[in-house]
Amino acid sequence: MKVSESVSCEKLSAQKMTFLSDGSLQSDQVVAIEMEKLKVCGLDAYDVKFFGRIDALSTLLKKMTKDKGLEFLTYGDLINNINHMKETENFQKIKSLTLLSQELGIRKASLKNWQNDIRLFDELGASEVVKDKVYKYLRNNPETSLTYEQLLQQLKK
């Protein structure tokens, strides 16, 4: 089945995950494509990227194969295990911080918006040293066109 084919979550859930036993599990690309299919079952882009790595999938498979043989696992089994993991506090914290970091990274660095932006730095746990460096840079370069990601990379140098 190709990703472009439209299939309901119910139909997908009933299908066996043949990629686990046909040897293609060794490819990061295959795992990413297989996770992409799960968007119809409520996974968002972050979830697909997070679980679409061999190491993340392997961790889930260790747990799942305690009850069922690899060749009998369905997408429904995978979805249930992913949803269970998504409910954990640790996953929710990691996802929240990652999305916040991405938001800050693409935001244009601006002295005008510093009072709002510093809240994001605080939520991400940035040190006072980092915040001071960013603020000083913005004060000295009020017309910068850098994003915060670019600015932080520049400050590292």
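Conventions and cut-offs
- Residues numbered from 1 in each chain as written.
- Predicted model: local features only at pLDDT ≥ 70, side-chain atom pairs only at ≥ 80, totals over all residues.
- Heavy atoms only, no water.
- Helix = DSSP H or I, 4+ residues; strand = E, 2+ residues; numbered from the N terminus.
- Rg over C-alpha atoms; globule rule 2.2 N^0.38 Å.
- Buried < 20%, exposed > 50% of the residue type's maximum accessible area, 1.4 Å probe, protein only.
- Contact = heavy atoms within 4.5 Å.
- Areas by Shrake-Rupley, 256 points an atom, 1.4 Å probe, with all protein chains shown as cover.
- Lys, Arg positive; Asp, Glu negative; His and termini not counted.
- Charge placed at Lys NZ, Arg CZ, Asp CG, Glu CD.

*Asks:* Looking at this structure, I do not really get the overall build of the protein. What am I missing?
*Replies:* Regarding its fold elements, the protein presents nine helices and zero strands. Reading the protein from its N terminus to its C terminus gives the helix and strand order α-α-α-α-α-α-α-α-α. A compact globule built from 157 residues should have a C-alpha radius of gyration of about 15 Å, whereas the protein, at 21 Å, is more than 25% larger. Structurally, the protein occupies a C-alpha span of about 60 × 30 × 30 Å along its principal axes. Relative to its full complement of 157 residues, the protein shows a buried share of 34%. Considering only residue pairs separated by 6 or more positions, the protein has 58% of its internal contacts joining residues 24 or more positions apart. For the protein, the accessible area works out to roughly 10,000 Å², and carbon and sulfur atoms hold 51% of it. Of the charged side chains in the protein, 24 are positive and 22 negative; the average position of the first set lies 4 Å away from that of the second.

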